[in-house]
Amino acid sequence: MVHASATKKCSALPTKTVDVSSVSDLFEFICSGPLVDKIGITPENVGQAIDKWLLYGSQLCRLFQLNELKLTIPQKARLYHYYIPVFVWCEDQIALHNSKFKDGDDVPPLVIGFSAPQGCGKTTLVFALDYLFKTTKKKSATISIDDFYLTAQGQAQLREDNPGNALLEYRGNAGSHDLPFSVETIEALSQLTKDDMKMKVPRYDKSAYSGRGDRADAETWPEVEGPLKVILFEGWMLGFKPLPSEVVKSVDPQLETVNKNLEAYYDAWDKYINAWVIIKIKDPSYVYRWRLQAEIAMRQAGKAGMSDDEVNDFVSRYLPAYKAYLPTLYAEGPTGSDPDRVLAIDIDEERNPILAT
């Protein structure tokens with residue numbers, strides 16, 4: 001039986017530029033994705049751009065070393081229901097950004113923020129988007145809030161200044177970042193508007209000092225060159241905003257200092273972000289399960305990994321912030337953000353996008 005809706009959708013496929021019989025199944029699959037309506041595309045839009053979708057899929061298969069002729073359903077969903085729709089949305093945001101400037105103007109790169117819990121796959125998503133930008137000849141740069149952690153010396157000082165506060169004992173929470181350094185980096189990247197401009201982008205070495213971490217040697221930092229079209233900025237606490245003291249103390253008394261530190265973060269990070277991707281989870285405990293899965297996989301591969309107790313201790317230092325700040329982020333969006341430029345994506349425990357319930 002052929003449903004009327006399926007017939008209508010398939011009619012959106014162009015008949016001259018592609019072989020409809022070979023792509024109609026993929027077309028239906030793309031149109032059934034949970035992000036299609038959110039990013040504002042219609043079956044007609046997909047049909048008109050089906051060659052691009054096929055090309056993007058092929059490029060991502062090459063990146064992740066997948067056989068594009070034998071994709072499993074989860075692999076197919078990850079590419080065509082998640083990575084590519086987000087890329088299409090990002091391209092639309094860049095076009096909207098560029099339209100605000102006149103011919104001949106120096107157009108600064110669009111900064112897109114990706115706020116998502118640890119372990120949910122945001123780094124892989126940004127990796128895929130960065131690759132697609134490069135294959136479509138758009139110069140991009142990626143940065144993470146991790147790149148702006150205090151140096152090992154600065155982290156030791158933070159620990160000394162906050163004795164007994166487990167949330168500030170190690171890197172992670174608000175207060176453990178070098179905010180002036182992040183402002184300097186973001187503003188410098190935003191000025192890469194011409195061909196002859198280059199700069200090195202900072203990176204953080206989490207393995208230094210037996211896992212305590214330190215800023216990586218500047219000689220190892222990757223170099224980017226202009227003109228940049230987009231900066232992809234990702235982090236687990238992007239968009240978090242301070243709450244009344246009594247609210248955070250009810251979650252964890254140790255969070256009060258973190259909450260105070262958070263007051264400086266809007267001017268250092270969020271105000272530079274023009275568009276947002278917010279990856280939402282139903283239960284913060286997913287973070288523990290995801291981290292445990294990663295460490296088990298590392299141990300099985302013969303690499304050094306945390307024990308189950310160590311994973312529990314590690315995640316416990318982040319959970320108070322998730323419990324305190326995620327509800328407001330999900331309900332109100334980041335401070336100063338334009339609701340029309342925020343893409344909220346609900347994901348399940350398998351890290352796949354789902355329809356919001």
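Please refer to the structure placed before this passage.
Okay, so let's go over this structure. The structure presented is a predicted model; accordingly, all values stated were derived computationally and were not measured. (Residues numbered from 1 in each chain as written. Predicted model: local features only at pLDDT ≥ 70, side-chain atom pairs only at ≥ 80, totals over all residues. Heavy atoms only, no water.)

### Things to note about the nonpolar core
- In terms of nonpolar packing, the biggest core is built from 106 residues, with Val86, Ile112, Phe114, Leu189, Phe233, Phe240 and Trp269 touching the most fellow members.
- Counting residues per element, this core draws most heavily on helix α5 (residues 73-98), at 12 residues.
- In this view, Phe233 contacts Val111, Ile112, Gly113, Phe114, Ile143, Ser144, Ile145, Phe148, Ile186, Leu238, Trp269 and Ile273; residues no more than four positions away in its chain are not counted. (Core = buried A, V, L, I, M, F, W, Y, C linked by side-chain atoms within 4.5 Å. Buried < 20%, exposed > 50% of the residue type's maximum accessible area, 1.4 Å probe, protein only. Helix = DSSP H or I, 4+ residues; strand = E, 2+ residues; numbered from the N terminus. Contact = heavy atoms within 4.5 Å.)

### A closer look at the pairing of strand β1 (residues 110-115)
- Burial analysis of β1 places 6 of its 6 residues in the buried class, which makes it a mostly covered element.
- Here β1 shows two buried faces, one formed by Leu110, Ile112 and Phe114 and the other by Val111, Gly113 and Ser115.
- With 6 bridges connecting them, β1 and strand β7 (residues 230-235) associate as parallel partners. Paired with Ile112 across the two strands is Leu232, which belongs to β7.
- Alignment of β1 against strand β8 (residues 275-280), held across 4 bridges, turns out to be parallel. Paired with Phe114 across the strands is Val277, a residue of β8. (Pairing = 2+ DSSP bridges.)

### Brief notes about the packing of aromatic side chains
- For the structure on display, the rule yields 17 aromatic pairs.
- When the ring of Tyr56 is compared with that of Phe87, the centres are 5.0 Å apart and the planes differ by 85 degrees; the resulting orientation is edge-to-face. With Tyr56 in helix α4 (residues 50-63) and Phe87 in helix α5, this residue pair connects regions lying 31 residues apart in the sequence. No difference in accessibility class separates Tyr56 from Phe87, as the two residues are buried.
- Relative to Trp269, the ring of Tyr265 lies with its centre 4.7 Å away and its plane at 85 degrees, an arrangement referred to as edge-to-face. The residues Tyr265 and Trp269 share a single accessibility class, namely buried.
- Here the guanidinium or amino end of Arg215 rests over the ring plane of Phe181, the centre of that ring lying 4.1 Å away.
- Over the ring of Phe314 we find Arg291; its NZ or CZ atom is 4.5 Å from the centre of that ring. (Phe/Tyr/Trp six-rings, centres within 6.5 Å; stacked < 30°, edge-to-face > 60°. Lys NZ or Arg CZ within 6 Å of the ring centre and 35° of its normal.)

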